[in-house]
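In case you want the letters, here they are:
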Amino acid sequence: MTSGRILRIEKLSSYDGDGLRSVFFLKGCPLRCQWCSTPESHEMVTDFGVRQIKCTHCFNCVENCPENAIAYDTGQDVFTTDMNRCCDCRQCVDECPAGARTAYGYTATVDSILQEIDKDSALSR
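Notes on the structure follow. (Residues numbered from 1 in each chain as written. Predicted model: local features only at pLDDT ≥ 70, side-chain atom pairs only at ≥ 80, totals over all residues. Heavy atoms only, no water.)

**Points about the overall build of the protein chain**
For the protein chain, the helix and strand inventory stands at three helices and seven strands. Secondary structure elements of the protein chain, listed N to C terminal, follow the sequence β-β-β-α-β-β-α-β-β-α. Looking at the protein chain residue by residue over its 125 residues, the buried ones come to 22%. The long-range fraction of contacts in the protein chain, counting pairs at least 24 apart against all pairs at least 6 apart in sequence, stands at 51%. (Helix = DSSP H or I, 4+ residues; strand = E, 2+ residues; numbered from the N terminus. Buried < 20%, exposed > 50% of the residue type's maximum accessible area, 1.4 Å probe, protein only. Contact = heavy atoms within 4.5 Å.)

**Side note on the packing of aromatic side chains**
A ring pair, where both rings are aromatic, is described by two values, the distance of the centres and the angle of the planes. Applying the stated criterion to the full structure yields three aromatic pairs. Where Phe-59 meets Tyr-72, the ring centres are 5.3 Å apart and the plane angle is 75°; that geometry is what we call edge-to-face. Of this pair, Phe-59 sits in the loop between strand 3 (47-50) and helix 1 (60-64) while Tyr-72 sits in strand 4 (residues 70-73); the two residues are 13 residues apart in sequence, bridging distant segments of the chain. With a relative accessible area of 26%, Tyr-72 lands in the partly exposed category. Note on Tyr-72 and Phe-79: the rings are 4.9 Å apart at their centroids and 50° apart in plane angle, and the pair reads as tilted. Ring-pair connections join several aromatic residues into one group, and the members of that group are Phe-59, Tyr-72 and Phe-79. (Phe/Tyr/Trp six-rings, centres within 6.5 Å; stacked < 30°, edge-to-face > 60°.)

**Digging into the pairing of strand 4**
Along any regular strand, the residues point their side chains to alternate faces of the sheet. Note that strand 4 and strand 5 (residues 78-81) share four bridges and pair antiparallel. Residue Asp-73 lies in a different strand from strand 5, and its bridge partner there is Val-78. Once strand 4 ends, the chain turns through four residues before running back antiparallel as strand 5, passing Asp-77 with a positive phi of about 55°. (Pairing = 2+ DSSP bridges.)

**Quick word on the sheet that holds strand 2 (residues 21-26)**
The strand order across the open sheet built from three strands is 2-1-7, with neighbouring strands paired in antiparallel fashion. Unpaired on one side and paired on the other, strand 2 and strand 7 (106-109) mark the two borders of the sheet. Each neighbouring strand pair of the sheet contributes to a mean axis angle of 60°, computed without reference to strand direction. Two strands pair when backbone bridges link them, and strand 1 (residues 3-13) and strand 7 are joined in this way by four bridges, in the antiparallel orientation. Note that in strand 7 the partner of Ile-6 across the bridge is Tyr-106. Across the sheet, helix 3 (residues 110-119) lies against strand 1, strand 2 and strand 7, angled at about 80° from strand 7, the strand it touches most. (Axes fitted to C-alpha atoms, helices over the stretch in contact; angles between N-to-C directions.)

**Here we look at empty space enclosed by the protein**
This model, assessed by the stated rule, comprises two cavities of 30 Å³ or more. Empty space within the largest cavity amounts to approximately 100 Å³. The wall of the largest cavity is formed by 14 residues, among which Cys-55, Cys-58, Cys-61, Cys-96 and Arg-101 lie closest to the centre. Tallied by class, residues from the lining of the largest cavity come to 10 nonpolar, three polar and one charged. (1 Å grid on protein atoms, 1.4 Å probe; cavity = no way out; pocket = protein on both sides within 12 Å on 5 of 7 lines; lining within 4 Å. Points joined across faces, edges and corners; volume = space filled by probe spheres on them. Nonpolar A, V, L, I, M, F, W, Y, C, P; charged D, E, K, R; others polar.)

Structure below.
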């Protein structure tokens, strides 16, 4: 089955013309535009972000990472993810009680994307 990497889906977008639309942002963009609003779309692999303001420093992400890919940098007071060790299991995201960790990107099949589009179709109701 054909699949691709999705960054995110924006529903009911009204930008760039009349009407509403669903916009699918894909991962793996080879361009590096200076004005790019989604730099997390550049790589095909999942990127992980941490909203520092939400982080309670509980270290659940570090303790639950099966590959020991997450480390805490005391000097800069940030958590870093070694993407060479990360297996994309997303346990770090699931185990964060504050919702501070975010995964950017997932694999989706063409059929699942078509089902998502169909949810917003006036003809399917």
